[in-house]
Amino acid sequence: MASAITTLAADAPTLSAANTGFMLICSALVMLMTPGLAFFYGGMVRVKSSLNMLMMSFISLGIVTILWVLYGFSLAFGTDSGSLIGWSSDYVGLSGIGITELWDGYTIPVYVFAVFQLMFAVITPALISGALADRVKFSAWALFSALWVTVVYFPVAHWVWGAGGWLFELGVIDFAGGTAVHINAGAAALGVILVIGKRVGFKRDPMRPHSLPLVMLGAGLLWFGWFGFNAGSWLGNDDGVGAVMFVNTQVATAAAMLAWLAYEKLRHGSFTTLGAASGAVAGLVAITPSGGAVSPLGAIAVGAIAGVLCAMAVGLKYKFGYDDSLDVVGVHLVGGIVGSLLVGFFATGGVQSDVAGLFYGGGLEQLGKQAIGVFSVLAYSLVASAILAFLLDKTIGMRVTEDVEVSGIDQVEHAETAYDFSGAGGGASSRGSANPAPAATKKVDA
């Protein structure tokens, strides 16, 4: 008996300084994605609502961080209860966790795992905000974010990633958040906009991005941070799976960007910077659930398919009349669905697990599991988010007034404007100037 205990102790994981450092860096990269998203969305709206768009992302860093420490981590990753939710009193306030206590089965501290998952929780409600641009009260948005992560994100994260969660136990593959993050946010966005309605002037007024350089900067920061988002989700760097995910993230994103641009050129006759940025994000979304299961060639296929389908999907809002301001439904919902379902086709059985997809001899079983994961999260998030939005709209009101929306939400909600042109010159009077311009003279012919 003593020898068995000694063997178990010897086999138990020990804290790895390398993996711990790697995961702290990945956590910081994922944190950077939320400001990156703020720039991406902030550049896509009109000048008069750009600050509001930035703040709708930034506020998530405050609200979700506090809720995660108080009870969110416990709900998402605590001891399972009925395969639907978790709870561990030691995780409440992160108060009962030893500083060297390891996350079960891994070589990183619980604190490191908690802060890494926190950054996923932060960015997910921020993703929703892009669908609501120009028309939502900031106070209502802040309250919605707090309620939404509590009612929707924390439980869904447990379903997908928590030990005992029903989708986890079913065998749904979601490496880094295709269901828990992107489908969850995209379905929530659709649910909310169906409740609060369209912007003033939707399908009538031009609503072009005010700063495409900001959009490209935001897309670049997202692409950069996504390496931590995806490669870090293996929670270590010992067996090469995280390295494959890193490569696949780059490959799929490149393929999606090129595919979106090709579709755009054929359909509309131009290669646009907005298309390049949106295509890159579509590829990042699609490879998130699938990148740990596919080969680099499979990642090219995932990215290319997502690039084309998401480019097609963004136009559906005009056909069906839902005002998804910044294409959260078209990119995140559709991209998440595509990436999650394609696991059932392109999983090789030789990366994160031995599960093989249809094209690698695995049959339809995994595709069926992926479909259950996709549509259960979609349905729950859509309905729950619509109910939350309806209740808030009927109590405190979700929307600003039409006058505020037309004149600009930034000034009313934040008492600021994004750009100050008062010192730009070009029309200031020279009266009182220390060096007034010389008076014009009339030429007299000799």
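Calculation rules
- What you see as residue numbers is a count from 1 along each chain, following the sequence as written.
- The model is predicted, so local features are restricted to residues of pLDDT at least 70 and side-chain atom pairs to those at 80 or more, both for listing and for counting; the totals for chains, interfaces and linings are taken over all residues.
- Based on all heavy atoms of the structure, the side-chain values leave hydrogens and waters out of the count.
- Numbered from the N terminus, helices here are DSSP runs of H or I no shorter than four residues, and strands are runs of E no shorter than two.
- What the globule rule says is 2.2 Å times the number of residues to the power 0.38, and the radius of gyration is computed from C-alpha atoms.
- Buried, partly exposed and exposed residues are distinguished by accessible area as a fraction of the type maximum, computed with a 1.4 Å probe on protein chains only: under 20%, between the cut-offs, and over 50%, respectively.
- Residue contacts follow a heavy-atom distance rule, with two residues in contact if any of their heavy atoms lie within 4.5 Å.
- Under the convention used here, Asp and Glu are negative, Lys and Arg are positive, and both His and the chain ends fall outside the count.
- For this purpose, a charge sits on NZ of Lys, CZ of Arg, CG of Asp or CD of Glu.
- An axis is simply a line fitted to the C-alpha atoms; with a helix, the fit covers only the stretch in contact. Between two such axes, the angle follows the N-to-C directions and lies from 0 to 180 degrees.
- When an angle is under 35 degrees it counts as roughly parallel; over 145 it counts as roughly antiparallel; between 65 and 115 it counts as roughly perpendicular; any other value is oblique.
- The crossing is said to be left-handed when, going from far helix to near helix, the turn is anticlockwise and less than a right angle, and right-handed when the turn is clockwise.
- What pLDDT conveys is the predictor's confidence in a given residue, as a value from 0 to 100.
- Note on terminology: a nonpolar core comprises buried Ala, Val, Leu, Ile, Met, Phe, Trp, Tyr and Cys residues joined through side-chain atoms within 4.5 Å.

(A) Layout of the overall build of the chain. Helix and strand counts for the chain stand at 16 helices and two strands. For a compact globule of 446 residues, the expected C-alpha radius of gyration is about 22 Å, and the chain comes in at 24 Å, within 12% of that figure. Looking at the 446 residues of the chain, the share that counts as buried comes to 53%. In the chain, the proportion of contacts linking residues at least 24 apart, taken out of those at least 6 apart, comes to 76%. Side chains of the chain give 19 positive and 26 negative charges; the mean places of these two sets differ by 21 Å.

(B) Geometry of the packing of helix α3 (residues 50-77) against helix α5 (residues 138-161). Running from amino to carboxyl end, α3 crosses α5 at an angle of 45 degrees, the nearest separation of the two axes being 9 Å. Of the possible angle classes, the one that applies to α3 and α5 is oblique. The hand of the α3/α5 crossing is right-handed.

(C) Up close: the confidence of the model for the chain. Considering every residue of the chain, the mean pLDDT works out to 92; 92% of them sit at 70 or more. Here residues 1-10 is modelled with pLDDT under 50, and outside its nearest four sequence neighbours on either side it reaches zero contacts, counting other chains as well. Predicted confidence is poor over residues 427-446, with pLDDT under 50, and the contacts of this stretch with residues over four places away or in other chains come to zero contacts.

(D) Highlighting the nonpolar core. By size, the foremost hydrophobic cluster in this structure holds 109 residues, and its most contacted members are Phe40, Phe73, Leu132 and Tyr153. The biggest single contributor to this core is α5, with 16 residues. Not counting residues within four places of it along the chain, the set of residues in contact with Phe73 comprises Trp68, Gly78, Tyr91, Leu94, Ile97, Trp103, Val110, Phe113 and Ala114. Counting residues in hydrophobic clusters, the runner-up holds 10 residues, among them Ala252, Ile287, Ala299 and Leu342.

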